[in-house]
Amino acid sequence: MPAGRDSADFDVTAQAVPADRQASIVGSVPERSASASLALWSVQPTFFSFTNDPPYFSGVAPARRVLPPSGAFYGFCSGRQVEVQVSEGSRDTWFARVTAPPNRPLAVGTYDVTASTVNGPNVFLAGAGLNCSSGWRGRFTVREADYAANGNIRHFWMTVDFRCSGTGPLMRGDLRVSGIATGNPPPPFALSCTVP
């Protein structure tokens, strides 16, 4: 840490964990020490999570994760576009729409979204304070896109790194759905897309 400073930013790298856990981070000098807790989330078959850098969106938590059964996941796909809604009963609801470039299926890969790609690859995220009227700018990565021969989606997983208008605080997120939507009762999670 530079002399005269009492804080510093640093990157943390972690391995995949089989279950959610808390990690302790401790920094010390001879005169004092400081500690903090870091949440490590395991990868689940179905989940939605995000983190925000300051300044935080008004009314949005710095970090959030939604899992079944407390969250119900609904979705569908049409051609090159996947839409998913995540609902926590009366608490919060989020909506995501992910679109591939024209005449292409939404396949595994990384897609850049800029002002010039409004008709190309795109992501729209809204709900619980995440609304961005001037559009998200950044990139999304489709990590899983497992389609059946009839076009139904067995698994879909994407990650996003975005800023509102390209200038707001950075938001990172994960959205993964597998099989059927979960909830009480579990509704069908019928998705179909263009098969690559």
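Below: a short report on this structure.

The rules behind these values
- Residues numbered from 1 in each chain as written.
- Predicted model: local features only at pLDDT ≥ 70, side-chain atom pairs only at ≥ 80, totals over all residues.
- Heavy atoms only, no water.
- Helix = DSSP H or I, 4+ residues; strand = E, 2+ residues; numbered from the N terminus.
- Buried < 20%, exposed > 50% of the residue type's maximum accessible area, 1.4 Å probe, protein only.
- Contact = heavy atoms within 4.5 Å.
- Areas by Shrake-Rupley, 256 points an atom, 1.4 Å probe, with all protein chains shown as cover.
- Salt bridge = Lys/Arg side-chain N within 4 Å of Asp/Glu carboxyl O.
- 1 Å grid on protein atoms, 1.4 Å probe; cavity = no way out; pocket = protein on both sides within 12 Å on 5 of 7 lines; lining within 4 Å.
- Points joined across faces, edges and corners; volume = space filled by probe spheres on them.
- Nonpolar A, V, L, I, M, F, W, Y, C, P; charged D, E, K, R; others polar.
- Phe/Tyr/Trp six-rings, centres within 6.5 Å; stacked < 30°, edge-to-face > 60°.
- Lys NZ or Arg CZ within 6 Å of the ring centre and 35° of its normal.
- Pairing = 2+ DSSP bridges.

**Brief notes about the overall build of the chain**
When its secondary structure is counted, the chain shows zero helices and twelve strands. The N-to-C order of helical and strand elements in the chain reads β-β-β-β-β-β-β-β-β-β-β-β. Burial status across the chain gives 39% buried among its 196 residues. Put simply, of all contacts in the chain between residues at least 6 apart along the chain, 50% involve residues at least 24 apart. Carbon together with sulfur atoms contributes 52% to the accessible area of the chain, which is approximately 11100 Å² in total.

**Quick look at the pattern of salt bridges**
All told, the structure shown has eight salt bridges when counted by the stated rule. We note a salt bridge from arginine 64 to aspartate 92, for which the minimum N-O separation is 3.0 Å. Pair noted here: arginine 64 is in strand β4 (residues 63-66) and aspartate 92 is in the loop between β6 (81-87) and β7 (93-99), with a separation of 28 residues, a long-range link. Take arginine 64 and aspartate 92: they sit in the same class, and that class is buried. Residues aspartate 161 and arginine 172 are paired through a salt bridge, measuring 3.7 Å at the closest nitrogen-oxygen approach. A residue pair is termed long-range when its members are at least 10 positions apart, and aspartate 161 in strand β11 (residues 153-164) and arginine 172 in strand β12 (residues 171-178) qualify at eleven residues. A relative accessible area of 33% places aspartate 161 in the partly exposed class. Within this structure, Arg64, Glu88, Arg91 and Asp92 form a network of salt bridges that share partners.

**A few points about the layout of surface pockets**
For the largest pocket, the calculated volume is near 1300 Å³. Taken together, 31 residues make up the lining of the largest pocket; nearest its centre are Val12, Leu38, Ala39, Thr51 and Arg172. Where the lining of the largest pocket is concerned, the elements lending two or more residues are β2 (32-40), β3 (47-52), β4, β11 and β12. Per-class residue counts for the lining of the largest pocket are 17 nonpolar, seven polar and seven charged.

**As for the packing of aromatic side chains**
What the rule picks out here adds up to five aromatic pairs. Look at phenylalanine 47 and tryptophan 157: their rings are 6.4 Å apart centre to centre, the planes differ by 70°, and that puts the pair in the edge-to-face class. Within this pair, whereas phenylalanine 47 is found in strand β3, its partner tryptophan 157 is found in strand β11, the two being separated by 110 residues in sequence. Side by side, phenylalanine 47 and tryptophan 157 carry an identical accessibility label, which is buried. Their ring planes at 65° and their centres at 6.2 Å tell us that phenylalanine 50 and tryptophan 94 sit as a pair that is edge-to-face. Highlighted residues: phenylalanine 50 in strand β3 and tryptophan 94 in strand β7, separated in sequence by 44 residues. For tryptophan 94, a relative accessible area of 3% puts it in the buried group. Pairwise contacts between aromatic rings join Phe48, Phe50 and Trp94 into one cluster. Its end group placed over the ring of tryptophan 157, arginine 176 keeps NZ or CZ at 4.6 Å from the ring centre.

**Structural notes on the pairing of β3**
Regular strands show a simple pattern: their side chains alternate between the two faces of the sheet. A large share of β3 lies buried, amounting to five of its six residues. One ladder, built from six bridges, connects β3 with β12; its direction is antiparallel. From the neighbouring strand, serine 49 faces β12, where its bridge partner is aspartate 174. Inspection of the sheet shows β3 paired to β4 by four bridges, in the antiparallel sense. Across the sheet, the residue bridging to phenylalanine 48 is valine 66, located in β4.

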